[in-house]
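# An overview of the molecular structure
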Amino acid sequence: METPPGTSVARVELVDFRCYESTHLDLPSGVTVISGDNGEGKTSILEAVVWCALGRSFRGVPDAALVRAGQEEAVVRTFISAPERSRKIEVGLRRTGRNKILLDGKAVPRLRDLIGALRVTVFAPDDLALIKGGPAGRRTFIDELLTTINPRFSGVRADYEKVVRHRNALLRAGGRVNSQSDEGATLEVFNQQLVATGSELLEGRLQLLNQIFPEVQLAYRELAIEPVVLEADYVCDWATSGPNETGLSQTLTREELAKTMRAALSALAGRERERGTTLVGPHRDEWALTLAGLESRSQASQGEQRTLALALRLASHRAVAAAFGQEPVLVLDDVFSELDEYRSAALVERLAAPQTLISTAGPLPFGVEVAARVCVANATARVQ
Amino acid sequence: MQTLIDELGRLPGIGPKSAQRIAYYLLKSPAEDANRLAGSITEAKARVTWCQRCFSIAEGELCAYCQDDRRDSTSLCVVEEPRDIVAIERTHEFNGRYHVLQGAISPIEGIGPEQLRVKELLRRVESEEVKEVILATNPNIEGEATAMYLGRLLTPLGIKVTRLASGLPVGGDLEYADEVTLGRAFEGRREVEA
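Residues numbered from 1 in each chain as written. Chains lettered and ligands numbered in written order. Predicted model: local features only at pLDDT ≥ 70, side-chain atom pairs only at ≥ 80, totals over all residues. Heavy atoms only, no water.

The subject of this paragraph is a nonpolar patch on the surface. On the surface, Met-1, Tyr-24 and Leu-27 of chain B cluster together into a nonpolar patch covering about 320 Å² of accessible area. Looking at where Met-1 of chain B falls in the secondary structure, it is placed in the segment before α1 (2-9). (Patch = residues over 30% accessible without salt bridge, like charges linked within 9 Å, V, L, I, M, F, W, Y side chains within 5 Å. Areas by Shrake-Rupley, 256 points an atom, 1.4 Å probe, with all protein chains shown as cover. Salt bridge = Lys/Arg side-chain N within 4 Å of Asp/Glu carboxyl O. Helix = DSSP H or I, 4+ residues; strand = E, 2+ residues; numbered from the N terminus.)

With that settled, the discussion passes to the domain arrangement of chain B. In terms of domains, chain B is made up of domain 1 (2-47) and domain 2 (57-163). For domain 1 of chain B and domain 2 of chain B, the distance between their C-alpha centroids amounts to 33 Å. (Domains from an automatic or database assignment.)

Residues Phe-123, Trp-238, Trp-287 and Leu-347 of chain A together with Leu-150 of chain B are the most contacted members of the largest nonpolar core, which totals 89 residues. Every residue in contact with Trp-287 of chain A, bar those within four places of it in the chain, is listed here: Arg-138, Phe-141, Ile-142, Leu-209, Phe-213, Ala-232, Asp-233, Tyr-234 and Leu-312 of chain A. Formed by 40 residues, the second largest nonpolar core is a distinct cluster that contains Phe-58, Val-67, Ala-117 and Leu-357 of chain A. (Core = buried A, V, L, I, M, F, W, Y, C linked by side-chain atoms within 4.5 Å. Buried < 20%, exposed > 50% of the residue type's maximum accessible area, 1.4 Å probe, protein only. Contact = heavy atoms within 4.5 Å.)

Bringing the interface of chain B and chain A into the picture now. Each side of the interface is counted separately: chain B has 21 residues, and chain A has 27 residues. Summed over both sides, the interface of chain B with chain A buries roughly 2100 Å², with 61% coming from carbon and sulfur. Of all residues in chain B, the largest losses of buried area upon contact with chain A belong to Pro-107, Ile-108 and Ile-141 of chain B, amounting jointly to 29% of the total for that side. Linking chain B with chain A are two salt bridges. Between Glu-142 of chain B and Lys-162 of chain A there is a salt bridge; the shortest N-O distance is 2.7 Å. Where chain B touches chain A, the interface holds five residue pairs in polar contact (both at pLDDT 80 or more). The biggest single contributor to the side of chain B that touches chain A is helix α7 (residues 141-154) of chain B, with seven residues. (Buried area = accessible area lost by both parts, 1.4 Å probe. Polar contact = N/O pair within 3.5 Å; in protein donor to acceptor, adjacent residues only side chain to side chain.)

Take the environment of Ala-264 of chain A next. All names here are of chain A. Turning to its location among the elements, Ala-264 is positioned in helix α6 (residues 254-267). Residue classification places Ala-264 among the buried residues on the basis of a relative accessible area of 0%. Residues Ala-264 and Trp-238 lie 26 residues apart in sequence; the distance between their C-alpha atoms is 6.4 Å. With near-sequence residues (within four places) excluded, Ala-264 lies in contact with Trp-238, Thr-240 and Val-280.

Below you can see the structure in the form of structure tokens.
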């Protein structure tokens, strides 16, 4: 792995985080390997660093689960060294009540103001679910990449989700809230908002997919043992008009997308009332990936699915690096145990970042130049 | 003691720990202090009512703004809560009348137009000499939905309906504006007057 200059985590401090009472690590640039037996807290260190980047655990657990047993608050401090300036993120995770986040000593009122201070790409065993799981995981993958590259979309996404919840409540109540006389005027207002925020989110997703799909194809070819044709289709089941009925052409403008949504809303109005839920909009969409014409979710082998999941992560890493002119910190959580030798070597060869943090219980693939080794045992972590 | 803590904890912005701290503070303070607080709550609750015209808080039939003859009755500013009036008054930019909706449309919380003072607003627009309605609801989903709803009702009545602009905070640096605000400011950009 090459190590171009860029942002890296110089130091991380944990207090009452998971199994750690109090520990700190000074990390070099290049590759740091965290090793130790299972259950000793290798992943917890990665989890703490990633929290400072994403504002949540990448393992999908609630913040309260990160606080050491018997304690009220867990504290994580990361010191980030970057070419332009060094930064410090301090996070207080509370079992009850609001978390406290400080960036360079100043309180960060909203989580989204933290995003961008530290960028990471995480490869984790759960990534397989990106391919094997339902459409929601793939939508989240697209939306998270979208908000990383263009932070405006964090607001669009939050607004859209709120509108869908309001609209669902309205539909469940038969289109009127505690009212005898509302002739659909309130629903009409939320239709308008659904179209406005939904078409904006859709446009963002389609533009992003247009831009990164060639990267995904490239990454897949680099990692697969016998690459086949990889194709993708953005599917809107609700779309009743448009070029091919359910699929949306990826060159539609926001205005055209809004028109498609409005048409679908009137076509599906009856069914929405019947079901009491919003059936139209990007929260229902699927990004369908096919290998040699076969649906990757259900018809590809586990090995192919894993390769494709890695390709998605690698492509998103490159997309973020290209957008900011700087490679995110790479976090590989126990990835090699799931991969055969060929894919491990192929992955290692393609990954470039100023800093890579790897947790592993076994040996590393051949060719990895290690800058530091961290040994984890008995709830303490030490750089060797 | 627990009753007091529970009651305090029901107040907005007060969590269980704050409630406990306030309860202990009250118990430690002299009886007259605690009685004065209790008395002022009872008195305020008894004397303060809704203004019969604009539905802000008032100590009589009408609030201070509705009683003030110097204010311009042709322009009417619609807000969600009485505290929004205080914020607008601080600007000294507006000299018209107010109308308080007492909330915003929020189906999640079971609040529709009929739970708000919308009928009363329409009646005022029809019976008073209103020429312009300024929709000053909050710039969030619920506030925007409410403004949109009211806009659809009011525009056919042939009056001017306006919405407060969203944009950059004055006196701040562009660099520090968050993306959503800056994005809105771009959308609402104006031509420079020569």
